[in-house]
Amino acid sequence: MQGPRWSSADGLANSRRMRMLTALVVLFVLWWVLLGRLDRELQRVEEQSVAMVLTQLRSALVIKGAEAMLSRKQNLASLEGRNPFNWLDHQWPRYKGGCGGNEPDSGSWCFANQQQNETGESARGWLIYKPKQPITIEGKRVKPEQLIAWRVTSEFADRNRNNRREQDERLTGLKLRQVPFQKTTVNRQDARR
């Protein structure tokens, strides 16, 4: 009995299969690298977008704080917890307005009102953002779909450096402070600091 015979046609077919397999492996590795880079680029773009919005909002707070200090009708304490998007002329496409009890879509902003039980007024609350990607915002790593909250607070001249405002320490401006977010509401004690 003779063993299987190998012909040059079999060798040629095997050579083609090997080249095809090598090409597929190379394409898969390139595709994998490209997807990794694309993912990192999307994270970087989202981080820059959030940073740009926060910078614009903080600039609006400086202007609004200066207006309030010069005005006789407003004071800085009355602006705490207000929606800073209302103070911008530019409307961001990713800002959806009031949250209305719902979470914003991924990659979007909204303003969650804090309802006052005594008056029913809901003009104060928190600015909320929901990232699409795992990003780093203000030095903190945030997972995708994890809600992040900010609140407009006032700054004060802390003469004795205890980080608590006393009656003789005057308000000096407004700032946007990141506050912890809980499922139903933002931690109110942390927002007042």
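Please refer to the structure placed before this passage.
Residues numbered from 1 in each chain as written. Predicted model: local features only at pLDDT ≥ 70, side-chain atom pairs only at ≥ 80, totals over all residues. Heavy atoms only, no water.

1. Some details on the overall build of the protein
And then number 1: Within the protein, the regular secondary structure consists of two helices and seven strands.
And then number 2: Along the protein, helices and strands appear, N-terminal first, in the series α-β-β-β-β-β-β-β-α.
And then number 3: The buried share of the protein, taken over its 193 residues, is 31%.
And then number 4: Sequence-distant contacts, at least 24 apart, represent 49% of the contacts inside the protein between residues at least 6 apart.
And then number 5: Working note: accessible area of the protein is about 13,500 Å², and carbon and sulfur atoms make up 53% of it. (Helix = DSSP H or I, 4+ residues; strand = E, 2+ residues; numbered from the N terminus. Buried < 20%, exposed > 50% of the residue type's maximum accessible area, 1.4 Å probe, protein only. Contact = heavy atoms within 4.5 Å. Areas by Shrake-Rupley, 256 points an atom, 1.4 Å probe, with all protein chains shown as cover.)

2. A look at the pattern of salt bridges
And then number 1: Evaluated as defined, the whole model comprises six salt bridges.
And then number 2: Where Glu47 meets Arg141, a salt bridge forms, and the shortest distance between an N and an O atom there is 3.9 Å. You can see Glu47 sitting in helix α1 (residues 8–70) and its partner Arg141 sitting in strand β5 (residues 140–142), a full 94 residues away along the chain.
And then number 3: You can call Glu47 partly exposed: its relative accessible area is 25%.
And then number 4: Among the ionic pairs, Arg58 bridges to Glu138, the shortest N-O distance being 2.5 Å. With Arg58 in helix α1 and Glu138 in the loop between β4 (135–137) and β5, this pair connects stretches of sequence that are 80 residues apart.
And then number 5: Here the residues in one salt-bridge network are Glu103, Lys130 and Glu145, joined through shared partners. (Salt bridge = Lys/Arg side-chain N within 4 Å of Asp/Glu carboxyl O.)

3. Considering the sheet that holds strand β1 (residues 95–98)
And then number 1: Strand order in the open sheet formed by five strands is β1-β2-β3-β6-β7, with mixed pairing between adjacent strands. Pairing within the sheet leaves two strands with one partner each, and these edge strands are β1 and β7 (171–179). Taking each pair of neighbouring strands and ignoring which way they run, the sheet shows an average axis angle of 25°.
And then number 2: Of the strand pairs in this sheet, β1 and strand β2 (residues 108–114) are connected by two bridges, and their pairing is parallel. When the sheet's bridge partners are listed, Gly98 is paired in β2 with Phe111. (Pairing = 2+ DSSP bridges. Axes fitted to C-alpha atoms, helices over the stretch in contact; angles between N-to-C directions.)

4. Observations regarding the state of the cysteines
And then number 1: A full pass over the atoms with the stated rule returns one disulfide.
And then number 2: Each disulfide pairs two cysteine sulfurs, and for Cys99 the partner residue is Cys110, the sulfurs being separated by 1.7 Å. Around the S-S axis, the bridge from Cys99 to Cys110 shows a dihedral of about 80° and counts as right-handed. One end of the pair, Cys99, is in the loop between β1 and β2; the other, Cys110, is in strand β2, with 11 residues separating them in the sequence. Exposure class is identical for Cys99 and Cys110. Each is buried. (Disulfide = S-S within 2.5 Å.)

5. Some thoughts on the packing of aromatic side chains
Two descriptors summarise a pair of aromatic rings, namely the distance from one centre to the other and the angle between the planes of the rings.
And then number 1: Applying the stated criterion across every chain yields a total of seven aromatic pairs.
And then number 2: Taken together, the ring pairs connect Phe85, Tyr95, Trp109, Tyr129 and Trp150 into an aromatic cluster. (Phe/Tyr/Trp six-rings, centres within 6.5 Å; stacked < 30°, edge-to-face > 60°.)

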